[in-house]
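The lines below spell out each chain.
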Amino acid sequence: MSEAIIHVLSKYRLVHHTELGKWAAKDKFLDQVGKFVSTNDPIRLILPAFPFKSPNKKSKVLGVLPDTGEEIALAHLNGLAAGIQDVYKPGAQIFIVSDGLMYNDILGVDDNEVWTYGQTLRQLAKDNSLDNLNFLSLHDLIDDDGLMSQKYYLENAKRFRDTVTSRYLPEKFDVDSEIASDPDAALTYRGYIKFLELDLAKDNSDETKSQVKKRQENVAKSMIRRGKAFALAIAAKHPNYVRLSIHASTEADKLSMSVVPQEGRFQTPWHSALVRAVNGTVHMAHASTVSALTHELIFVNGRPSHFRERSDLYNWPGMDLDFKYLYPTGIMISPKNGSQSPSLKDVPMQKVRKLSTDCSPVILRGFKDTLDNDVYTSKAYDLGKPAEWTFGIKTSVKDSRGSNPDPVTSIVTSNEAMPMHFDGFFFLIDKVQPDGTTKKVSSQPRYQYFTAVSPSTPGSGKTLFASSLLLFRNLPHPHKAEDLKRLTWDCRHSSNWDEHMKEIPLVAPHPDTGEDCLRYHEPWPQWKTKFTYNRISIENGPQWYIDLIDEMLYDRRVTLTFEWLQGDVLVSDNYKMLHTRTGFSGTEDRELWRIHVN
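Described below are features of the structure shown in this document.

## Here's the deal with the overall build of the protein chain
Move 1: Within the protein chain one finds 15 helices and 26 strands.
Move 2: Against the compact-globule benchmark of 25 Å for 598 residues, the protein chain has a radius of gyration of 26 Å, which places it among compact chains.
Move 3: Across its three principal axes, the protein chain shows a C-alpha extent of roughly 80 × 55 × 50 Å.
Move 4: Within the protein chain, buried positions represent 55% of all 598 residues.
Move 5: Sequence-distant contacts in the protein chain: of pairs separated by 6 or more residues, those separated by 24 or more amount to 75%.
Move 6: If you sum the accessible surface of the protein chain, you get close to 26,600 Å²; carbon and sulfur atoms cover 51% of it.
Move 7: The distance from the centre of the 73 positive side-chain charges to the centre of the 76 negative ones in the protein chain is 2 Å.

## Details of the sheet that holds strand S7 (residues 282–285)
Move 1: Strand order in the open sheet formed by 4 strands is S7-S6-S9-S8, and the pairing between neighbours is mixed. The open sheet has two edge strands, S7 and strand S8 (295–300), and neither has a second partner. On average, each strand axis in the sheet is inclined to that of its neighbour by 35°, with strand direction left out of account.
Move 2: Summarising the sheet, strand S6 (residues 273–276) and S7 pair through 4 bridges and their orientation is antiparallel. Note that in S7 the partner of Ala-273 across the bridge is Ala-285.

## Let's talk about the side chain of Glu-591
Move 1: Tracing the backbone through its elements, the reader meets Glu-591 in strand S26 (residues 591–597).
Move 2: Look at Glu-591: it is buried, it has no salt bridge, and the nearest opposite charge is Lys-398 at 4.4 Å.
Move 3: The residues touching Glu-591, leaving out its near neighbours within four places in the chain, are Ser-396, Val-397, Lys-398, Thr-451, Ala-452, Val-453 and Ser-454.

## Brief notes about the packing of aromatic side chains
Move 1: All chains considered together, the criterion is met by 13 aromatic pairs.
Move 2: An angle of 50° between the planes, with centres 5.7 Å apart, marks the rings of Trp-489 and Tyr-520 as tilted. Of the two residues, Trp-489 is situated in strand S18 (residues 488–493) and Tyr-520 in the loop between strand S21 (516–518) and strand S22 (534–538); the sequence distance between them amounts to 31 residues.
Move 3: Clustering of aromatic rings is evident, with ring pairs tying together Tyr-314, Trp-316 and Phe-323.
Move 4: Taking NZ or CZ as reference, Arg-308 lies 3.6 Å from the ring centre of Tyr-314, over its face.
Move 5: Its end group placed over the ring of Trp-593, Lys-394 keeps NZ or CZ at 4.0 Å from the ring centre.

## Points about the nonpolar core
Here is a general trend for soluble globular proteins: nonpolar side chains tend to be buried in one another's company.
Move 1: Counting 84 residues, the largest nonpolar core has Ile-43, Phe-50, Leu-74 and Ile-84 as its most contacted members.
Move 2: Residue contributions to this core peak at 8 residues, all from helix H10 (residues 209–237).

## Considerations on unusual backbone geometry
Move 1: Cis geometry is found at the peptide bond from Ser-360 to Pro-361, where omega equals -5°.
Move 2: When you line up the elements, Pro-361 lands in the loop between helix H11 (349–358) and strand S12 (362–364).
Move 3: The omega angle of the peptide bond from His-477 to Pro-478 is 5°, so this bond is cis rather than trans.
Move 4: By the element assignment, Pro-478 lies in the loop between helix H13 (468–473) and helix H14 (481–485).
Move 5: One non-glycine residue, Lys-172, lies in positive phi territory at about 60°.
Move 6: Inspection of the secondary structure assignment puts Lys-172 in the loop between helix H7 (150–168) and helix H8 (175–181).
Move 7: Overall, Lys-172 belongs to the exposed group, its relative accessible area being 79%.
Move 8: Within the chain, Asn-301 stands out as a residue other than glycine whose phi angle is a positive 55°.

## Regarding the pattern of salt bridges
Move 1: Taken as a whole and assessed by the stated rule, the structure comprises 30 salt bridges.
Move 2: Between Glu-3 and Lys-26 there is a salt bridge; the shortest N-O distance is 3.3 Å. Of the two residues, Glu-3 sits in helix H1 (residues 2–10) while Lys-26 sits in helix H2 (residues 26–38), which places them 23 residues apart along the sequence.
Move 3: According to the relative accessible area criterion, Glu-3 is partly exposed, its value standing at 44%.
Move 4: One salt bridge in this structure joins Asp-516 and Lys-485, with 3.4 Å as the shortest N-O distance. In this pair, Asp-516 sits in strand S21 while Lys-485 sits in helix H14, placing the two residues 31 residues apart along the sequence.
Move 5: For Lys-485, a relative accessible area of 37% puts it in the partly exposed group.
Move 6: Here the residues in one salt-bridge network are Lys-11, Glu-551, Asp-555 and Arg-557, joined through shared partners.

## Some points on helix H4 (residues 100–107)
Move 1: Along H4, 6 of the 8 residues are buried, which leaves the element largely enclosed by surrounding structure.
Move 2: Considered for burial, the residues of H4 that qualify are Gly-100, Leu-101, Met-102, Tyr-103, Asn-104 and Leu-107.
Move 3: In this fold, the buried residues of H4 make contact with helix H5 (111–127), helix H6 (138–141), H7, helix H9 (183–199) and H10.
Move 4: Of the residues flanking the end of H4, it is Gly-108, one or two places downstream, whose phi is positive at about 80°.

## Re the sheet that holds strand S5 (residues 255–256)
Move 1: What the 5 strands build is an open sheet, ordered S3-S2-S1-S4-S5; its pairing is parallel. Looking at strand neighbours, the two that pair on one side only are strand S3 (133–136) and S5, the edges of this open sheet.
Move 2: Here strand S4 (residues 242–245) runs beside S5; their pairing, made up of 2 bridges, is parallel. Bridged to Ser-245 within S5 is Ser-256.

## A word on empty space enclosed by the protein
Gaps between atoms show up when a probe of the same size as a water molecule is rolled over them.
Move 1: Within this structure, the stated rule accounts for 1 cavity of 30 Å³ or more.
Move 2: Considering only enclosed or pocket space, the largest cavity measures out at about 40 Å³ in volume.
Move 3: Lining the largest cavity are Phe-50, Ile-96, Ser-98, Gly-118, Leu-121, Arg-122, Phe-135 and Leu-136.
Move 4: Looking at the lining of the largest cavity, the elements that each hand over two or more residues are H5 and S3.

## Quick notes on the pairing of S26
Move 1: When you tally the buried positions in S26, you get 7 out of 7 residues, the bulk of the element.
Move 2: Where burial is concerned, the two faces of S26 agree: the one with Glu-591, Trp-593, Ile-595 and Val-597 and the one with Leu-592, Arg-594 and His-596 are both buried.
Move 3: Sheet topology note: the strand S13 (residues 394–398)/S26 ladder contains 5 bridges and is antiparallel. Pairing of Val-397 across the sheet is with Leu-592, part of S26.

## Regarding the packing of H1 against H2
Move 1: Look at H1 against H2: their axes get within 9 Å of each other, and the N-to-C directions meet at 120°. Relative to H2, H1 is oriented oblique. Taken as a pair, H1 and H2 cross one another with a handedness that is right-handed. When H1 is examined against H2, the residues Ser-2, Glu-3, Ile-5, Ile-6 and Leu-9 are found in contact with a partner set consisting of Lys-26, Phe-29, Leu-30, Val-33, Gly-34 and Val-37.
Move 2: Of the residues that constitute the contact of H1 with H2, the class distribution is 7 nonpolar, 2 polar and 2 charged.

Parameters at a glance
Residues numbered from 1 in each chain as written. Predicted model: local features only at pLDDT ≥ 70, side-chain atom pairs only at ≥ 80, totals over all residues. Heavy atoms only, no water. Helix = DSSP H or I, 4+ residues; strand = E, 2+ residues; numbered from the N terminus. Rg over C-alpha atoms; globule rule 2.2 N^0.38 Å. Buried < 20%, exposed > 50% of the residue type's maximum accessible area, 1.4 Å probe, protein only. Contact = heavy atoms within 4.5 Å. Areas by Shrake-Rupley, 256 points an atom, 1.4 Å probe, with all protein chains shown as cover. Lys, Arg positive; Asp, Glu negative; His and termini not counted. Charge placed at Lys NZ, Arg CZ, Asp CG, Glu CD. Pairing = 2+ DSSP bridges. Axes fitted to C-alpha atoms, helices over the stretch in contact; angles between N-to-C directions. Salt bridge = Lys/Arg side-chain N within 4 Å of Asp/Glu carboxyl O. Phe/Tyr/Trp six-rings, centres within 6.5 Å; stacked < 30°, edge-to-face > 60°. Lys NZ or Arg CZ within 6 Å of the ring centre and 35° of its normal. Core = buried A, V, L, I, M, F, W, Y, C linked by side-chain atoms within 4.5 Å. 1 Å grid on protein atoms, 1.4 Å probe; cavity = no way out; pocket = protein on both sides within 12 Å on 5 of 7 lines; lining within 4 Å. Points joined across faces, edges and corners; volume = space filled by probe spheres on them. Parallel < 35°, antiparallel > 145°, perpendicular 65-115°, else oblique. Left-handed = near helix turned anticlockwise from the far one by under 90°. Nonpolar A, V, L, I, M, F, W, Y, C, P; charged D, E, K, R; others polar.

Structure representation (C-alpha cells):
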C-alpha cells in the first residue's frame with residue numbers, strides 16, 4: 001500500500017518525468033507513509049507556501065489577494081490528496097502552513113496584507129469544497145493558544161515571528177556556510193535572488209548595480225536564515241508529516257512540486273499571474289509581460305483574476321456570461337446575474353461546439369428552457385447533424401431496472417458504474433479498406449449533447465471526462481504519446497463473441513484539429529457487471545500498456561469528476577474525451593437526455 005501511495009505522490013514531483021527508481025530518498029518517504037498506513041490513518045502532508053502576493057504589484061501580480069492562480073493551485077493540491085484516497089481509503093490531508101509572517105517585514109509587506117491574503121485563501125478552499133486541505137499559521141507552530149482574531153494576529157505578528165526564530169534557529173547559525181554546504185539551501189538561495197530582482201525593484205533608484213545586487217543578496221540571506229528556523233519549527237511540531245516544497249531540491253528530505261500544472265517555466269501564483277489559452281492550457285507569467293493584443297484581463301467578483309486568450313467564442317450577443325474553466329478540464333458557462341437567465345433557445349451552439357473541441361466538456365448552467373423537450377431537440381440541429389439510431393435521435397439515459405432487452409446498451413440504462421469509453425464504439429459499420437476488403441469499424445458520433453432532467457443525489461451518479469490532451473501530457477517517464485501511437489488493440493464483447501474487433505489504433509488524429517486522441521475502451525470483466533462484459537488486448541506490444549492507460553484515465557490531473565445539477569446542459573467532444581459514470585442507488589430516478597451530433 002505504501003508503494004501505491006508513493007506512486008501517486010511521485011506524479012506531482014517537479015521531476016516527475018524522470019524515473020521513480022532514481023529517487024534516492026524514496027525509501028525514506030516509504031517509511032514515513034508506512035507509519036500512517038500501519039495505523040490506518042490518513043496520510044498527512046505539510047507544505048510551506050502561499051505567503052502573500054509579491055510586493056511588486058506593478059509588474060508581477062494582479063493585486064494583493066488570491067486569484068485564479070491560487071484557486072487552480074488549491075484544486076491541484078486537493079486532487080493530490082484525492083488521488084491518494086483513490087488507492088488508500090483513509091485518504092490524505094494536506095496542511096498548508098503560510099510562511100508569510102516569516103518574510104513579509106523583510107520585503108516591506110504589511111502584516112495586515114498577510115492576514116487578508118490568508119483568510120481569503122481559506123475562503124477560496126471552502127467555496128470550492130476542497131475538503132482535503134487544512135491551513136496553519138506561525139502561531140500554530142509555537143502552540144500559541146490565543147483566540148485568533150484579526151486584532152490578535154496583528155498585535156502579535158512580530159512576537160510569532162521572533163519566537164519561531166529565537167526558538168528554532170540553531171545557535172551560531174552561519175548563513176554563508178549553510179548555502180555553501182547544503183545543496184537545497186543553495187538552490188533556494190538562487191531562487192530567492194531570481195525573484196528578488198523584481199520584488200525589490202525600485203523606480204528612480206540612485207543605487208549602483210553592485211549596490212542593488214548586494215541588497216538582494218542580503219535580503220535573500222535573511223530569508224534563508226528565517227527559513228531555516230521555520231523549517232525546523234515545522235519538523236519539530238509535525239515530525240511525521242510528509243514534507244512538500246515549492247522549491248527545487250535534491251528531494252532528500254522533501255518532495256518538490258509545482259502547485260500549478262503549467263506549461264513553460266515553473267512559477268508560483270503569488271509571484272505571477274495565470275494566463276489561460278482557449279484550449280484550457282495555462283502558464284504563469286509576470287502580469288506586465290502579457291500583451292493586451294492577445295489576452296484580456298478577466299475580473300472575478302470585481303477584482304482582476306487572470307488573463308484569457310482573446311477569442312470571439314466568448315462573445316454571445318445579448319448575454320452577460322461567466323466562462324469559468326474547471327480543473328483539470330472543461331468550461332462552465334453561466335449567467336453573471338442569476339435573475340436574468342438567458343434561454344437555451346438563444347445559445348450560439350456553433351460556438352459551444354468549437355469551445356467543446358478546444359476544452360471539453362462545456363457545461364451550460366443556469367439557463368432557461370433546458371428541460372423543454374422541443375427546445376432541447378431543436379438546438380441539437382444548431383449544434384450539428386444529429387445521429388440517427390434505431391430509437392430515433394434522442395435517448396433517455398436512466399435506470400430501466402432490467403427492462404432493456406438490448407445487451408449492448410443494457411449497462412447504459414442501469415444504475416451500475418460503467419467502463420471508460422467513447423460512445424459508438426460498439427456501433428459497427430462496414431468500411432472499405434485500401435486493399436478493397438471490407439472491415440467493420442466503430443462509427444462514433446462527434447459530440448455528446450446532454451441535459452440533466454433528474455440528477456442523482458450528491459456524491460453518486462457522477463460523470464467522469466478524461467482528456468486525451470492531459471493524459472498524453474502527464475504520461476510518466478519514459479512513456480510518450482509516440483509510443484502509444486504505434487499500438488493497436490482488439491476487443492471481444494460478451495453480447496457477440498464472434499464479432500472480434502481487431503487492429504484498432506490506440507491513438508488517432510482528431511478529425512478537425514489533427515491532435516492525438518486516445519481511442520480506447522476500458523476492459524470490463526464479468527465480475528464487475530450483471531450485464532455485458534468485454535476483453536481487450538494490445539496486439540503489438542506488452543499488455544502492461546492496458547494497466548498504464550487505465551491508471552491514467554482516472555488520474556486527477558487528467559479527468560474531471562462532474563456532478564450534475566438539474567437543468568445542466570453539457571456538450572463533450574466524443575473524439576478528444578473518454579467518459580464513464582459512477583454507480584448510483586437503484587431507488588433513484590436519475591435521468592439524462594442525450595443526443596449524439598455529427
